[in-house]
Amino acid sequence: VVRASLLLVKATQEILVRYSLSQFAMKRSEMIFTCMKVFMLEHGQQQEYSSPATGDEEEVFRDLIVSKSMSDLLVPFTLGASASSPSSKLPDIDLEQASLPFLGSGTPFYQFYTDFLALYDAISFSHLIFASLLLPPLALTYPIDYRRLLWADFAHVLRTVRTPVDQVIAGDLRDFLYPVEKGEMIGKYVGPVLQGSVDGFLRLIAVHHVACNIWPDLRSEEVGAEQEDVAKKLLKMVVEKGDGRAVREVLRYRQVREETVIYPPACFETSGEWIADRAEFAQQALGSELHERLQGVFYGQCEFFDVYTSLLHLLTTG
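Residues numbered from 1 in each chain as written. Predicted model: local features only at pLDDT ≥ 70, side-chain atom pairs only at ≥ 80, totals over all residues. Heavy atoms only, no water.

Points about the packing of aromatic side chains
No. 1: With the rule as written, the count across this model stands at 21 aromatic pairs.
No. 2: Their ring planes at 75° and their centres at 6.1 Å tell us that Trp215 and Phe298 sit as a pair that is edge-to-face. Of the two residues, Trp215 sits in the loop between helix H11 (200-212) and helix H12 (225-241) while Phe298 sits in helix H16 (residues 295-299), which places them 83 residues apart along the sequence. For the pair Trp215 and Phe298, one class covers both residues: buried.
No. 3: Directly above the aromatic system of Phe102 lies the positively charged group of Lys37, at a separation of 4.6 Å from the ring centroid. (Phe/Tyr/Trp six-rings, centres within 6.5 Å; stacked < 30°, edge-to-face > 60°. Helix = DSSP H or I, 4+ residues; strand = E, 2+ residues; numbered from the N terminus. Buried < 20%, exposed > 50% of the residue type's maximum accessible area, 1.4 Å probe, protein only. Lys NZ or Arg CZ within 6 Å of the ring centre and 35° of its normal.)

Regarding the pattern of salt bridges
No. 1: According to the stated counting rule, one finds 18 salt bridges in the structure shown.
No. 2: We note a salt bridge from Glu228 to Arg219, for which the minimum N-O separation is 2.9 Å.
No. 3: Three or more residues joined by partner-sharing salt bridges are found here, namely Arg162, Asp199, Arg203, Arg245 and Glu249. (Salt bridge = Lys/Arg side-chain N within 4 Å of Asp/Glu carboxyl O.)

What to know about the nonpolar core
Where a protein is soluble and globular, its nonpolar side chains tend to be buried together.
No. 1: Counting 96 residues, the largest nonpolar core has Leu133, Trp151, Trp215 and Leu235 as its most contacted members.
No. 2: The residues contacting Trp151, other than those within four sequence positions of it, are Leu138, Leu158, Met185, Lys188, Tyr189, Pro192, Val198, Leu202 and Ala206. (Core = buried A, V, L, I, M, F, W, Y, C linked by side-chain atoms within 4.5 Å. Contact = heavy atoms within 4.5 Å.)

Some words on the environment of His209
No. 1: Mapped onto the secondary structure, His209 falls in helix H11.
No. 2: When sequence neighbours within four positions are dropped, the list of residues in contact with His209 reads Leu140, Phe176, Leu177, Pro179, Val180, Glu181, Ile186 and Tyr189.

Describing the packing of helix H6 (residues 109-123) against helix H8 (residues 144-153)
No. 1: Orientation of H6 relative to H8, taken along the N-to-C sense of each, is 15°, at an axis distance of 11 Å. Put simply, H6 runs roughly parallel to H8. With respect to the hand of their crossing, H6 and H8 are arranged in right-handed fashion. Counted together, Phe109, Tyr110, Tyr113, Thr114 and Leu117 of H6 and Asp145, Tyr146, Leu149 and Leu150 of H8 form the full contact between these two elements.
No. 2: Of the residues assigned to the contact of H6 with H8, the class counts are seven nonpolar, one polar and one charged. (Axes fitted to C-alpha atoms, helices over the stretch in contact; angles between N-to-C directions. Parallel < 35°, antiparallel > 145°, perpendicular 65-115°, else oblique. Left-handed = near helix turned anticlockwise from the far one by under 90°. Nonpolar A, V, L, I, M, F, W, Y, C, P; charged D, E, K, R; others polar.)

Okay, here's the thing in structure tokens:
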């Protein structure tokens, strides 16, 4: 039944888009929720499942045809397909609206998402499509509760969600970048970056918000002395506790809100006058000796790990 239903959705979607009847086609959020429901067929199931390798009593979403059908339905709505896919240009609604006909007014989408995330934690084994469906509600157009749920309550699953940026199901990467997060979420972002427990899209999001809370050139507004002090402490934490990759990415991360979003790795490799400004800010925050040892990171004058080793030695010897 699930196979047939997904194939019918796929055929219908393709026909509507092909014949310029896109106003009747499923929107991005509706397609996301449709696929989420496939995974939620396992919610509340008590039976023990055999290994997927045996093909016996495996979860529905592990069926090869079901998995392939969901992938085909979602790919046109990913960031990587946004330039060429007609589906990506369809007007959209949020998931809370898209889920209303199915969930009704008695069950909020947040509760559904909580159960969905718990199910991922329990049975997913890092299933790629399952993981990718966790990401859309992390957009900043949704309440902070969704981001808090994943980054705090289910922080232990972050290392299993390794979705590349171009495979994120979204219309615009900016929805996850702006407005810049402040307050409690920064602590939840900086920890996984320093621990190296996030990669792909999640790492980009975390590095972005951490860097935007440090560097003046990434801020959209002037900040007071208290926030400036917080920025310096945050930079010191990154330099003291982060590994080589974390330090380099936070120091070199670059975006301009009014311009086209730069994807990794290019967002860590650009150059400009802003580098000198950051080097000056780092000197104010860390002192002259640490500033000198960070020059190689800012300007690429020497191998980063040599710089980082010298920096770490200085910190541990006083």
